[in-house]
Each structure stands twice: as structure tokens, then as C-alpha cells.
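Spelled out from the first residue to the last, the chains are:
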Amino acid sequence: MGAFNTFNMEMTQGIVRAAHDLNKPSIVQVTTSTFKYAGCRSIGKVVRGVIETESNSNPMGFHLDHGKNFDDIVCGIEEAEMDSVMIDASLLSLRENISITKRVVDYAHEKGVAVQAELGKVPYVGREEQTIDWDELMTKPEEAQQLVEETGIDALAVGIGNAHGFFPERPEPDWERLKKIRQLIPDTPLIMHGASDWGRDRIKQAVKLGVTCFNIDTDNRLAFITSICRAVGPRCDVTDPRKILDPARTAVYEKVKEKIEMFNSISSELTANKDDQNKKYQLSDSEE
Ligand code: G3H
Ligand code: 13P
Ligand code: ZN
């Protein structure tokens, strides 16, 4: 599934409407930068309101993306009423990461809220050194196992050469590493951040190796902004902002639809392959 970032009503409607029209459970998420921009209670009410009003029976999760400290988590759960939260302590040492993540898990589980953690770093465009030591940054499988066992998290964001934004990524994701992570923590859903620029082949390979959710932000931001730039044009003589926000909302809707359709077709293809394999095994069993 896709987890799509939002920061306002229009973006949220674009996401929720696309998921609803394709009848595909999805996640809307906001970061702590959006808490700073909008206020966590206000953005919480906006997102909850859109989900409640427009998703009908299509399940939509509301998630805190990249919570950095305990206050962010409290804000996400108490003020914004989220279903799940991420504690991103990936910049800290393993010991400190485990310690804050465990504290968050104990608190969130008590309230019926699921927790995603991050181990290994998924770098950001423009915010990081331009030369990257991928081996240093990527998730170490044994540490992932330790984090899961010692904290009881519900999902883990992994680094296998992926990056946020259109930051140059590792030429090829480290699939062997992902395989190893999967083997060591087979019951923990794996989350791929920085998936905007991931095409069909990479997504398919990641799904085969156990990734269940892809985080998408930059592609939707670009769709939103490009539409606004086009609508405003070189001379800004618009007096009704709704005239530029409406097509921007539609642009996000189209982009999210495109992503969900890609996820759907990959998952149908993989299921069909599995069915074919099963049939083959059944045939060879009956021949014996
Ligand atoms: O990883 C999440 C975002 O792409 C960065 O979002 O600018 O809202 O912190 P932000
Ligand atoms: P992109 O902006 O690269 O799509 O990454 C989004 C993300 O990981 C949000 O957590
Ligand atoms: Zn991210």
C-alpha cells in the first residue's frame, strides 16, 4: 500500500478521494514539520474530517511520519488522534534508538496505536552531504532484529540505498540486505521511505522481499506545485485562490491514483504468479 504525505485540506482530499475511487485501503500521514506549520490539533481535525466525510467504507489510516521525540508522539496521539505513529530515532545510537522507541511503544500500545521505527538512515535531498557512504547508512540486519525484539514495534522503516526526495540513490538497492532483514524479522512489516522516484520494477522487487508500504511525498508535492504554477502563469491576476487550489487538488488525485494503480497491478501480478506456481505444484503432486 501507499502512505501519502499531506499538509492541508486539498492535498488530503486528493489522496482520500483517489484511494476511495479505487477502493484501496491507504494511509494519509503528516510530519512534524506540518505540525509546526499547521498545528497538530488543527491538521488532525482537517485530516480526520476529510477521512470521515469522504472515505466511506474504504479504510484510511492516519499516521505520524518521522516523529522525532516523545512530545511529537503525544501530539500525534492525543491532539491529532492518529491511528499509528513513527518514532524516527535513526540519527541516534542503536542503544538510544532502542530506548526511546521502547518508551514510545509502551505508551502508544497502551492507547491502541501502532508504532513504526527507523533503523539505518534514509537521507534527504538538500539536507545532507552530497557524498554518501551507503554502507554506513544502510540498515544492519542484526541490529534490526535486536530493535524488533527489544521494543515490540509494529513496523520498521529500512534503509537499503533509498533516499528521500529526488536525492541520488544507491545505483541499485541492496536487495541481499533486504532479504537478510526479512529472514531475521519475518513478522514485521517493512516500510520503504523515499519511494516517489521508485518505478515499477523496484517496487515489485521490494514487495517480493517483504516490503508492505511505500512512502510517497515529493511526487505529490510536485504535482500540487506544478499545477499551481501553471494556473498562476507569468502574470498573477487570480483573485479567487480556489481557482488555483482546485486543479492542484485534482493533480494530487491523479498522481495518487497512478501510484495506487501501480501497486494494484504489481500485487495482482504477484498473486497470479503464486497461483500459477501452486497449480504447477498440485499438478506435479497428482502426477506422482
Ligand atoms: O520524509 C518525509 C518528507 O518527505 C519530509 O517532509 O518536509 O514535511 O518534514 P517534511
Ligand atoms: P519521498 O518524498 O521521496 O516520496 O519520500 C517520502 C517519505 O519517505 C515520507 O516519509
Ligand atoms: Zn520518510
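See the structure above.
Anyway, here's the lowdown on the structure attached to this text. Source: prediction; values computed, not measured.

## Some points on the overall build of the protein chain
Here's step 1: Along its length, the protein chain carries eleven helices and eight strands.
Here's step 2: Taking 2.2 N^0.38 as the reference for a compact globule, 288 residues should give roughly 19 Å; the C-alpha atoms of the protein chain span a radius of gyration of 20 Å, in line with that estimate.
Here's step 3: Referenced to the eigenvectors of the C-alpha coordinate spread, the extents of the protein chain come out at roughly 75 × 50 × 40 Å.
Here's step 4: Burial status across the protein chain gives 50% buried among its 288 residues.
Here's step 5: Across the protein chain, the fraction of contacts at a sequence separation of at least 24, relative to all contacts at a separation of at least 6, is 70%.
Here's step 6: Charged side chains in the protein chain number 35 positive and 47 negative. The centres of these two groups are separated by 4 Å.

## Brief notes about the coordination of the zinc ion (ligand 3)
Here's step 1: Ligation of the zinc ion (ligand 3) by protein atoms is provided by His66 (NE2), His164 (NE2) and His193 (ND1), these donors lying 2.0 to 2.1 Å from the ion.
Here's step 2: One chain supplies every donor to the zinc ion (ligand 3), and in sequence these donors are spaced H-x97-H-x28-H. In this pair, histidine 66 is assigned in strand 3 (residues 60-67) and histidine 193 in the loop between strand 7 (190-192) and helix 9 (200-208), connecting sequence segments 127 residues apart. Accessibility classification places histidine 66 together with histidine 193 in one group, the buried group.

## Some words on the side chain of glutamine 29
Here's step 1: Inspection of the secondary structure assignment puts glutamine 29 in strand 2 (residues 26-31).
Here's step 2: For glutamine 29, a relative accessible area of 1% puts it in the buried group.
Here's step 3: In terms of polar contacts, glutamine 29 uses its side chain to reach the side chain of asparagine 5, at 2.9 Å.
Here's step 4: Residues within four places of glutamine 29 in sequence aside, it is in contact with Ala3, Phe4, Asn5, Thr6, His63, Asp65 and Asn215.

## With respect to the state of the cysteines
Here's step 1: Scanning the entire structure with this criterion turns up one disulfide.
Here's step 2: Disulfide pairing places cysteine 40 opposite cysteine 75 at an S-S distance of 2.2 Å. One disulfide, between cysteine 40 and cysteine 75, carries an S-S torsion of -75 degrees and so falls in the left-handed class. Placement of cysteine 40 in helix 3 (residues 40-54) and of cysteine 75 in helix 4 (residues 70-79) is noted, with a sequence separation of 35 residues between them.
Here's step 3: Accessibility expressed as a relative area gives 10% for cysteine 40, which makes it buried.
Here's step 4: Cysteine 236 carries a free sulfur, and the closest cysteine sulfur to it, the one in cysteine 229, is 11 Å from it.

## Notes on the nonpolar core
One recurring pattern in soluble globular proteins is that nonpolar side chains are buried together.
Here's step 1: Counting 67 residues, the largest nonpolar core has Val85, Leu156, Trp198 and Phe214 as its most contacted members.
Here's step 2: Counting residues per element, this core draws most heavily on helix 11 (residues 242-287), which supplies nine residues.
Here's step 3: Grouped together as the second largest cluster of nonpolar side chains are seven residues, Ile27, Met86, Ile191 and Cys213 included.

## Some thoughts on the site of ligand 1
Here's step 1: Taken together, nine residues form the shell around ligand 1, and within it Thr31, Ser33, His164, Asp217 and Arg221 come nearest.
Here's step 2: With respect to ligand 1, the side chain of serine 33 contributes an N or O atom lying 2.5 Å from an oxygen atom.
Here's step 3: For ligand 1, whose accessible area on its own is 310 Å², the fraction buried by protein is 85%.

## Regarding the sheet that holds strand 1 (residues 2-5)
Here's step 1: Spatial ordering of the closed barrel is given by 1-2-3-4-5-6-7-8, a layout of eight strands whose pairing is parallel. Between one strand and the next, the sheet's axes are offset by a mean angle of 25 degrees, whatever the strand orientation.
Here's step 2: Bridge count for strand 5 (residues 114-119) against strand 6 (residues 155-158) is four bridges, and the pairing is parallel. When the bridges of strand 6 are listed, alanine 117 appears paired with leucine 156.

## Focus: the site of ligand 2
Here's step 1: Surrounding ligand 2, one finds 14 residues, the nearest of these being Asp65, Gly165, Ser196, Asp217 and Thr218.
Here's step 2: Side-chain polar atom of histidine 193 to an oxygen atom of ligand 2: 3.1 Å apart, as the coordinates give it.
Here's step 3: Note that an oxygen atom of ligand 2 is positioned 2.9 Å from one of the backbone N or O atoms of glycine 194.
Here's step 4: Considered on its own, ligand 2 offers 300 Å² of accessible surface; in the complex 97% of this is hidden by protein.

## Quick look at the pattern of salt bridges
Here's step 1: The final tally for this structure, using the stated rule, is 20 salt bridges.
Here's step 2: For arginine 95, the salt bridge is made with glutamate 150, and the minimal N-O distance between the two is 3.5 Å. Separated by 55 residues along the polypeptide, arginine 95 in helix 5 (residues 94-110) and glutamate 150 in helix 7 (residues 141-151) bring together distant segments of the chain.
Here's step 3: Its salt-bridge partner being glutamate 269, residue lysine 204 comes within 2.5 Å of it at the nearest N-O pair. Residue lysine 204 is found in helix 9, and its partner glutamate 269 is found in helix 11; the two are separated by 65 residues along the sequence.
Here's step 4: By relative accessible area, glutamate 269 is classed as partly exposed at 30%.

Reading guide: rules and limits
Residues numbered from 1 in each chain as written. Chains lettered and ligands numbered in written order. Predicted model: local features only at pLDDT ≥ 70, side-chain atom pairs only at ≥ 80, totals over all residues. Heavy atoms only, no water. Helix = DSSP H or I, 4+ residues; strand = E, 2+ residues; numbered from the N terminus. Rg over C-alpha atoms; globule rule 2.2 N^0.38 Å. Buried < 20%, exposed > 50% of the residue type's maximum accessible area, 1.4 Å probe, protein only. Contact = heavy atoms within 4.5 Å. Lys, Arg positive; Asp, Glu negative; His and termini not counted. Charge placed at Lys NZ, Arg CZ, Asp CG, Glu CD. Donors = N, O, S within 2.8 Å, 3.2 Å for Na, K, Ca; no water. Polar contact = N/O pair within 3.5 Å; in protein donor to acceptor, adjacent residues only side chain to side chain. Disulfide = S-S within 2.5 Å. Core = buried A, V, L, I, M, F, W, Y, C linked by side-chain atoms within 4.5 Å. Near = heavy atom within 4 Å. Areas by Shrake-Rupley, 256 points an atom, 1.4 Å probe, with all protein chains shown as cover. Pairing = 2+ DSSP bridges. Axes fitted to C-alpha atoms, helices over the stretch in contact; angles between N-to-C directions. Salt bridge = Lys/Arg side-chain N within 4 Å of Asp/Glu carboxyl O.

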